[in-house]
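Structure assessment
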Amino acid sequence: MNRQAPERFTATARCVDRSGRAILGYKRKRSTTLAWRGDGAMRLRTLLLLLLFGLGLLPAAVLTALDLPATVATFEEAAAREALSRGEAAAAELNRRMERRKETVRNLAMLPAPLEMLNASRGKGDGLYLDVRQAEERFSGVVRRWFGGASDFRRLAILDREGTELLRLEAAGREIAPAGTTPSLATEFPERFAAMVAGNAREPRAMLVSSSLRVRVAGPIRSLDGLVVGVLVTEFDLHDVFGTSAGSVLFDGTGRVLLGDPAGVVSPFEAGGRSSRIRDEDGDLVVTRSAAGDAVAWTLIRFDERPEDALWIGTALDRSRLGDWLADLRLRVAAVALALTLILALVVRFVAVRVDGARQRLLGGLAGILRGEEVAFSWSWPREARLLAEELNALAVRHGDATRARAAAEEQLFREKEQAEATLLSIADGVLTTDAEGRVRYANPAAVRLLNRRMEDIRGQMVDHVLILVDEAHHTPLPDPAIACLQGARVADAGAETLLVRPDGQPVAVEVTAAPMHDRQGGIVGAVVALRNVAKERQLGRMLAYQAAHDPLTGLMNRRAFEERLKAALAEAQDGDGQAQWLCYVDLDQFKLINDTCGHLAGDELLKQVAAELKCCARDGDLVARTGGDEFSVLTHPASRDSAYELADRMRRALTDLHFVWQSQSFSTSGSFGLVPVRQRSGSLYDLMSAADRACYVAKDRGRNRIHVADSQDEATRRIGSEMRWVHETIRALEQDRLLLYWQPFRPLRPPFDEVHGEILVRMRAEDGSIVPPGAFIPAAERYNLMRDVDRWIVSRVLASLAAGGVAGATVSVNLSAQSLCDDDFLGFVLSALDSTGVDPRLLCFEVTETAAMSNLTRARQMIEALKGRGCRFSLDDFGSGLSSFAYLKNLPVDYLKIDGSFVRHIVEDRLDRAFVQSINDIGHLMGIETIAEYVETPAIEAVLRDLGVDFAQGYAVARPAPWDAAPVAVPA
């Protein structure tokens, strides 16, 4: 037999008064063991006969139980609840009356008459507004109106702080008249009177007057400034509250009888063997029973915290109906027992017929389940049959689900197999699978092509014989990752610089990764090897690394790489007069003349020839770099001053001997050289570069085509700042507001074509009215820290124009210099200007050059994030000209990339430039950044850029710069 665990039942009942305090509580616990459930071992008919026999004994058991004391106790508990309800009704009425009386006392104490009486000295003299007599008359009239119809009112008194009664009114029949004031009521509750005068009671307090079954309510009388100046006392009778409670007995908190006959009643204060008590769960006494069996239910009312202010209301229990109740219960139980016996006999007959039919249906259903048919058993009675039907239905469902799941799994396995095979056939990466010993079992077509071998030659071979891997740098053999994977049960790879050697000896750059395959028990059953041909990626990476460190036009080291080498030289430099490394700064003379006369192509060709001459003159160990448009720098290996000067002079003569010819025009070339030693006292990189720049300027200012060596005694170098004309001209232009804003719109090359975007350019109006291009004064401003003022002037004028409605809806790009990026106050200036003008920040785009951003990456990132938080956008200008463009790009949250014009200018005929532009554009789009190509000077360049997917074009082929207030806002797409 299957038996269920016993279940225990607990019955709990509790009566509480209005305040939530328990007044009656009882618990009854009984343990019942649920009937056991048959599992088919005992036949159903035997079970039913046993139940019928048990039912025949049930009436006798019930009749016997009715005579037990527990049954009588149940009736008494019901009678106790009834008695307690009567006591609670009286208590509730008394509580409501006390709340109303307290509210009345509170209102009376707030009347002006009692205060006027107390303001007089001990009831003599006059108050502030009324004399004592007038105050008594008015107050007495109010009391008569309020309590004239109240049957429970007995008396009222006003006492001063010393306890002297100033007025007493008592009920005489239906009238309320003055009475004598001695002895004072304060003598009847001296302690509470003193506490109330001291201000400890802020509300009226009630107290029981046990001697006369009254309730005294006293409340403080306060002056206008809140001080207690007296006490108002009223007394009310309680007889009318309990007059209708026949059989009630009242005790105060000290055990004194206040009302009713206490004979034969066990009070709540008595103890001993002659009484029994019933307590609730909180321990409060609620029912007492005498030795004679008389029981009284008690209800407790507390007027105040003191024991003597408690009132116990006792209500006798009515047991007169107990006998009738027991007789009626016996009759009902007998009738129920007889009806149950008849019903059970009919049920036995009915169930016997049903059981035979159920057996036949059971056998047929089981046969259907085995055949895989849908079978449902619908037995609902008896409980054993219903449980059996539920289990059989569940078995049928599980069997059907398992059959369908098996078929679905087989179909799914087939589809996945087909999908896996199709995937392996279509992917570009090669895939090999091996067994647990490392023998190749499968290779997809991509792997066969990559290995340049036939499938028949691969299958069954050890994987380390198929994959011959070597290190790209030293061509030393590398361990096979598949073997390592099988031995270490983990994912393995061959490393970043790996070559796969084919049978013909040709190496291929690959990435190789191997992962183990496991069975259900976790054992290794083989490995999967993924092969990827990365020859193009590595070639592109080398090209990008070369471009990041070299100038694309001349092939020399670029400024970023040169500065890194110069920093290392500064770190190793020593002071003294011995040999040192020398920095030679070269600036071509009249390069702008050639550039403006013959165009940029001629200028580029000249730069290539100059670079070749400088490199030929350099010695082994000397570094030659292009650090600007027409500026070159040379870092020599340690040498004396004379040796460094000799090298610079050899370069100067080489440039002088170089005759540049372009389209039947011949030009003489020369350069100005600034030479400075690299010593420990040279300062920072910026200081050293500035010193070389100043030395070069001195050479240029003294007639060009010469060398100037800067040292500590070089007065010309120290005075160079004050001798630069463009510095003073820029300062005067700022003071006289002679800077001009020009607008050059961009052309969108990709949808949406209606987006308007352009760049703000700056020009200077000379004192004679001519327009000075930015190349004349911007370098001087940058060199001598004037760009912060120029940038502020530009931002202020642009925001003022936008606020006035200029180029409505267009995105305006404004250039920021490195000095502004490093200026701690510039961010606050821009935010303040945005707030004061009310311009939508989304219309503003700040352009920073790659070199400027990298000069102080942390500060640049902080400013970019702050302004982008307000809605402004950012563009990274001249992208690609720095040493580590792609490395730093992920650290700058910019919206646009402006591809350096040196890559765009020759994009039509130079495949390398085109590849570089395409890589910048692809990486920018991958990062969600739009691209802008500058120096678009011909329609052919624009067409190539459109094919590459560049977003915007800027240059003379799109639109020439024009004054800000007269230029067209946009150009046709």
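Residues numbered from 1 in each chain as written. Predicted model: local features only at pLDDT ≥ 70, side-chain atom pairs only at ≥ 80, totals over all residues. Heavy atoms only, no water.

1. Some points on the overall build of the protein chain
The secondary structure content of the protein chain amounts to 30 helices and 39 strands. A buried classification covers 45% of the 973 residues belonging to the protein chain. Restricting the contact set of the protein chain to residue pairs at least 6 apart, pairs at least 24 apart contribute 62%. As presented, the protein chain carries roughly 49,700 Å² of accessible surface, and 53% of it is formed by carbon and sulfur atoms. (Helix = DSSP H or I, 4+ residues; strand = E, 2+ residues; numbered from the N terminus. Buried < 20%, exposed > 50% of the residue type's maximum accessible area, 1.4 Å probe, protein only. Contact = heavy atoms within 4.5 Å. Areas by Shrake-Rupley, 256 points an atom, 1.4 Å probe, with all protein chains shown as cover.)

2. Re the sheet that holds strand 4 (residues 165-172)
One open sheet accounts for six strands, arranged 5-4-3-8-7-6; its pairing is antiparallel. One side of each edge strand has no neighbouring strand; the edge strands of this open sheet are strand 5 (175-178) and strand 6 (205-209). When the angles between neighbouring strand axes are averaged without regard to direction, this sheet yields 20 degrees. Where strand 3 (residues 153-160) lies against strand 4, five bridges are found, and the strand directions are antiparallel. Bridge assignment links Ile158 to a residue of strand 4, and that residue is Leu167. (Pairing = 2+ DSSP bridges. Axes fitted to C-alpha atoms, helices over the stretch in contact; angles between N-to-C directions.)

3. Considerations on empty space enclosed by the protein
Enumeration according to the criterion identifies two cavities of 30 Å³ or more in this entry. Considering only enclosed or pocket space, the second largest cavity measures out at about 40 Å³ in volume. Across the lining of the second largest cavity, the residue classes tally to four nonpolar, three polar and one charged. (1 Å grid on protein atoms, 1.4 Å probe; cavity = no way out; pocket = protein on both sides within 12 Å on 5 of 7 lines; lining within 4 Å. Points joined across faces, edges and corners; volume = space filled by probe spheres on them. Nonpolar A, V, L, I, M, F, W, Y, C, P; charged D, E, K, R; others polar.)

4. Overview of the confidence of the model for the protein chain
Taken over all residues, the pLDDT of the protein chain has a mean of 79, while the share at 70 or more is 83%. Between residues 271-276, whose pLDDT stays under 50, and residues either more than four places distant or in other chains, the model counts eleven contacts. (pLDDT = per-residue confidence, 0-100.)

5. Considerations on the packing of helix 3 (residues 112-119) against helix 4 (residues 132-147)
Running from amino to carboxyl end, helix 3 crosses helix 4 at an angle of 150 degrees, the nearest separation of the two axes being 9 Å. One finds that helix 3 runs roughly antiparallel with respect to helix 4. By crossing handedness, the relation of helix 3 to helix 4 is classed as left-handed. When helix 3 is examined against helix 4, the residues Ala113, Pro114, Glu116 and Met117 are found in contact with a partner set consisting of Ala135, Glu136 and Phe139. (Parallel < 35°, antiparallel > 145°, perpendicular 65-115°, else oblique. Left-handed = near helix turned anticlockwise from the far one by under 90°.)

6. A closer look at the environment of Ala580
Locating Ala580 in the fold gives a position in the loop between helix 14 (559-572) and strand 22 (581-588). Once the C-alpha coordinates of Ala580 and Arg679 are considered, the two residues, 99 residues apart in sequence, prove to be 6.9 Å apart.

7. Examining the packing of aromatic side chains
Per the counting criterion, the structure on display carries twelve aromatic pairs. Geometrically, the ring pair formed by Phe189 and Phe193 is edge-to-face, given 6.1 Å between the ring centres and 80 degrees between the ring planes. As far as the burial class goes, Phe189 and Phe193 line up, both buried. Taken together, the ring pairs in this structure connect Phe147, Phe153 and Phe236 into an aromatic cluster. Here the basic side chain of Arg905 rests over the ring of Tyr935, its NZ or CZ set 4.6 Å away from the ring centre. (Phe/Tyr/Trp six-rings, centres within 6.5 Å; stacked < 30°, edge-to-face > 60°. Lys NZ or Arg CZ within 6 Å of the ring centre and 35° of its normal.)

8. Thoughts on the nonpolar core
General note: in soluble globular proteins, nonpolar side chains tend to be found buried as a group. Ranked by internal contacts, the top residues of the largest apolar core, which has 77 residues, are Phe846 and Leu945. Ranked by residue count, the leading element in this core is helix 22 (residues 787-803), at eight residues. Sequence-distant contacts of Leu945, that is, excluding residues within four places in its chain, are made with Leu749, Val904, Ile907, Val917, Ala933, Val936 and Val950. Counting 41 residues, the second-largest nonpolar core is a separate cluster that includes Leu118, Leu213, Val217 and Leu232. (Core = buried A, V, L, I, M, F, W, Y, C linked by side-chain atoms within 4.5 Å.)

9. Topic: unusual backbone geometry
Most peptide bonds take the trans form, and the phi angle of most residues other than glycine is negative. You will see that Asp878, though not glycine, has its phi angle at about 55 degrees, which is positive. One can find Asp878 in strand 35 (residues 873-879). Asp878 gets classed as partly exposed once you look at its relative accessible area, which sits at 24%. Here Tyr935, not a glycine, exhibits a phi torsion of approximately 60 degrees, which is positive. Mapped onto the fold, Tyr935 is located in the loop between strand 37 (930-933) and helix 30 (939-948). Judged by relative accessible area, Tyr935 falls into the partly exposed class, the value being 36%.

10. So, the sheet that holds strand 27 (residues 671-678)
Here five strands make up an open sheet; going across it, the order is 23-24-22-27-28 and the pairing mixed. Since the sheet does not close on itself, it has two edges, and those belong to strand 23 (623-626) and strand 28 (707-709), each with one partner. In this sheet, neighbouring strand axes are inclined to one another by 20 degrees on average, regardless of whether the strands run parallel or antiparallel. Here strand 22 pairs with strand 27 via eight bridges, running antiparallel. What sits directly across from Val586, in strand 27, is Phe673. Packing of helix 14 onto the sheet brings it into contact with strand 22, strand 23, strand 24 (631-635) and strand 27, and relative to strand 24 it is tilted by some 30 degrees.

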